[in-house]
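Next come the chains, spelled out residue by residue.
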Amino acid sequence: MRENKNGLEMCSGPLAGKLLRFAFPLILTGVLQLLYNAADIVVVGKLGGGHASVAAVGSTGALINLLVNLFMGVSVGANCLVARLEGAQDREGLRRCIHCAVGASVLIGIMAGVFGFFASTPMLRLMDSPEDVLPLSSLYLRIYFLGMPALVVYNFGASILRALGDTRRPLIYMMISGAVNVVLNLILVGAAGLDVAGVAIATTASQFLSALLVIRCLMREKGAYKLELRKIRLHKGPLLEMIKIGIPAGIQGVLFSLSNVIVQSAINPMGSAVMAGNSAASSLEGFIYTALNAFYQAALTFISQNLGARQYGRIRRVFWQCLGMTALMGAALCTILYLFQDPLLGLYVSADDGELAEVMATGHLRVRCISIFQFLCGFMEIGCGGQRGLGRTWLPTLVTLIGSCALRIIWVHTVFASVGTLASLYVSYPISWLLTFLVHCACFLPALERRIRQQKSQPCICS
């Protein structure tokens with residue numbers, strides 16, 4: 001008998017509807033989370049310091065993702081382990097894992113906040129941030145990383161709920177905190193005139209609110225899902241398993257973000273107008289990526305639960321259906337962005353900005369070279385999620401390192417160094433996405449078929 005009334009039964013019954021029920025709230029949650037940064041960029045562009053402030057906030061995205069991914073990989077391990085234990089109906093293991101994950105999130109969040117606060121300015125200098133942007137970028141990052149403990153706690157808590165099939169309540173919490181973020185942006189920037197500092201304070205406050213809401217939710221659960229603060233411990237077994245899965249995922253995220261930081265470093269010397277146009281288009285791409293990433297989360301969670309339940313044939317169905325949904329969603333969203341790129345890019349910069357033409361031209365170029373191929377990134381994520389859900393740890397990391405990150409870095413120092421145009425830099429993205437996806441599939445599908453052949457006669461746990 002399932003204790004979690006808010007979750008989904010992932011190991012039996014019709015599949016497509018459950019995947020959509022899981023993914024749709026996750027899409028909305030990710031979009032709202034992206035609105036933190038997008039609202040920051042829009043508000044400072046319209047009400048703050050113009051394109052220089054847009055460049056300062058937008059150009060920090062790659063660095064934020066680099067540091068966040070470094071410390072957030074263990075949450076992927078928590079998601080996989082909780083989902084696997086839920087599929088196996090291991091109630092005691094589930095209880096220990098949840099308390100261990102929350103304890104780990106607090107420790108990791110504090111470490112990430114301290115590191116990010118002190119490392120922000122030196123890393124911005126390494127990225128060749130222009131002198132007119134550096135002070136604003138540095139200020140934004142230092143305030144942002146004060147909220148890192150809350151961000152990590154929220155993401156761990158949300159990962160636990162999603163592993164149990166509950167994507168609705170994380171959506172509600174993000175709606176609340178996202179609304180608070182927008183209101184605070186308007187007050188602190190529009191009324192108080194705090195510019196970059198104002199949007200950073202608003203984001204940090206919103207992160208603490210979302211963390212409090214998700215912890216309150218876990219404390220009000222029942223049975224094996226209930227969080228009791230006095231029982232939070234770093235249990236050796238679950239912690240090591242989360243680290244085993246999560247550290248490679250974190251390293252993969254770091255390497256992926258590192259390649260983006262290197263690309264951003266190649267863009268920064270081109271000036272604040274080019275940085276602003278690139279940041280605006282990149283922000284729009286983020287919405288597409290988030291929508292497609294929901295199917296990666298679905299593949300990871302459904303495959304992990306069915307691995308615990310030894311439902312190997314169902315894992316194959318999960319993979320192909322998630323891939324198909326990613327293709328349909330990606331085609332629709334990429335087409336919409338291409339058709340409406342002018343008004344969408346125009347949201348990020350004031351119409352009377354002196355460098356509007358260059359900002360828009362850069363945004364248009366990125367849309368044509370990267371944004372309309374974003375569905376390939378979704379394919380790559382599904383391939384990676386399939387491998388992680390199947391219990392693999394280092395192989396997806398190595399595939400991403402070689403097929404995407406290393407290729408992109410080599411491209412910057414060879415093709416881009418030779419040609420020198422933004423277009424020659426941007427095309428490295430879709431090429432690396434496609435190659436990495438193909439390698440992920442070549443690793444995942446044969447391994448799954450072997451499991452089906454070898455263990456098809458074993459009884460499953462879920463009925």
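Everything discussed here concerns the structure shown above.
Basis of the calculations
Residues numbered from 1 in each chain as written. Predicted model: local features only at pLDDT ≥ 70, side-chain atom pairs only at ≥ 80, totals over all residues. Heavy atoms only, no water. Core = buried A, V, L, I, M, F, W, Y, C linked by side-chain atoms within 4.5 Å. Buried < 20%, exposed > 50% of the residue type's maximum accessible area, 1.4 Å probe, protein only. Contact = heavy atoms within 4.5 Å. Helix = DSSP H or I, 4+ residues; strand = E, 2+ residues; numbered from the N terminus. Polar contact = N/O pair within 3.5 Å; in protein donor to acceptor, adjacent residues only side chain to side chain. Axes fitted to C-alpha atoms, helices over the stretch in contact; angles between N-to-C directions. Parallel < 35°, antiparallel > 145°, perpendicular 65-115°, else oblique. Left-handed = near helix turned anticlockwise from the far one by under 90°. Nonpolar A, V, L, I, M, F, W, Y, C, P; charged D, E, K, R; others polar. Phe/Tyr/Trp six-rings, centres within 6.5 Å; stacked < 30°, edge-to-face > 60°. Lys NZ or Arg CZ within 6 Å of the ring centre and 35° of its normal. Expected span 1.5 Å × (residues − 1). Bend = angle between axes of the 7 residues up to and from the residue.

**Q** Lay out the nonpolar core in plain terms, naming residues and giving numbers.
**A** Residues Leu94, Tyr140 and Met148 are the most contacted members of the largest nonpolar core, which totals 83 residues. Leu94 has contacts with Val82, Leu85, Glu86, Leu164, Ala224 and Tyr225, leaving out every residue within four places of it along the chain. Counting 61 residues, the second largest nonpolar core, distinct from the first, contains Ile27, Leu300, Tyr426 and Cys441.

**Q** Can you tell me about the side chain of Ser120, naming the residues and giving the values?
**A** Position of Ser120 relative to the elements: it lies in helix H4 (residues 91-126). A polar atom in the side chain of Ser120 sits 2.3 Å from the backbone oxygen of Gly116. Here Ser120 is in contact with Leu63, Leu141, Arg142 and Phe145, once residues within four sequence places are set aside.

**Q** Go over the packing of helix H11 (residues 312-339) against helix H14 (residues 374-389), please, and point to the residues and values.
**A** The interhelical angle for the contact between H11 and H14, taken along N-to-C directions, is 160°, at an axis separation of 8 Å. In terms of orientation, H11 and H14 fall into the roughly antiparallel class. Between H11 and H14 the crossing geometry is right-handed. Residue-level inspection shows Phe319, Cys322, Leu323, Thr326, Ala327, Gly330 and Cys334 of H11 in contact with H14, the latter providing Gln374, Phe375, Gly378, Phe379, Ile382 and Gly383. When grouped by side-chain class, the residues that make up the contact of H11 with H14 number eight nonpolar, five polar and no charged.

**Q** I'd love a proper account of the packing of aromatic side chains, names of residues and values included.
**A** Aromatic rings in a pair are described by how distant their centres are and how their planes are angled relative to each other. Scanning the model with the defined rule gives nine aromatic pairs in all. Look at Phe22 and Phe302: their rings are 5.6 Å apart centre to centre, the planes differ by 90°, and that puts the pair in the edge-to-face class. Highlighted residues: Phe22 in helix H1 (residues 16-47) and Phe302 in helix H10 (residues 272-308), separated in sequence by 280 residues. You can call Phe22 buried: its relative accessible area is 0%. By relative accessible area, Phe302 is classed as buried at 0%. Arranged with centres 5.9 Å apart and planes meeting at 65°, the rings of Tyr429 and Trp433 form a pair that is edge-to-face. With Tyr429 and Trp433 both in helix H17 (residues 428-455) and four residues apart, this pair spans about one turn of that helix. On the accessibility criterion, Tyr429 (6% relative accessible area) is buried. The buried category is assigned to Trp433, whose relative accessible area is 3%. Pairwise contacts between aromatic rings join Tyr140, Tyr144 and Phe145 into one cluster. The side chain of Arg366 reaches across the aromatic face of Tyr429, ending 5.6 Å from its centre.

**Q** Which residues make up helix H15 (residues 394-419), and what values do they have?
**A** In an α-helix, one turn spans 3.6 residues; hence positions three or four apart end up facing the same way. For H15, with 26 residues, the first-to-last C-alpha span of 35 Å sits near the 38 Å given by 1.5 Å per residue. At Trp411, H15 shows its largest kink, close to 40°. Taken residue by residue, H15 has Pro396, Thr397, Val399, Thr400, Gly403, Ser404, Cys405, Arg408, Trp411, Val412 and Phe416 as its buried positions. Looking one or two residues past H15, Gly420 carries a phi angle of roughly 85°, positive in sign.

**Q** Just give me the short version of the environment of Gly391, but keep the residues and values in it.
**A** Note that Gly391 resides in the loop between H14 and H15. For Gly391, a relative accessible area of 33% puts it in the partly exposed group. Sequence separation between Gly391 and Gly77 is 314 residues; the distance between their C-alpha atoms is 9.9 Å. With near-sequence residues (within four places) excluded, Gly391 lies in contact with Arg84 and Leu307.

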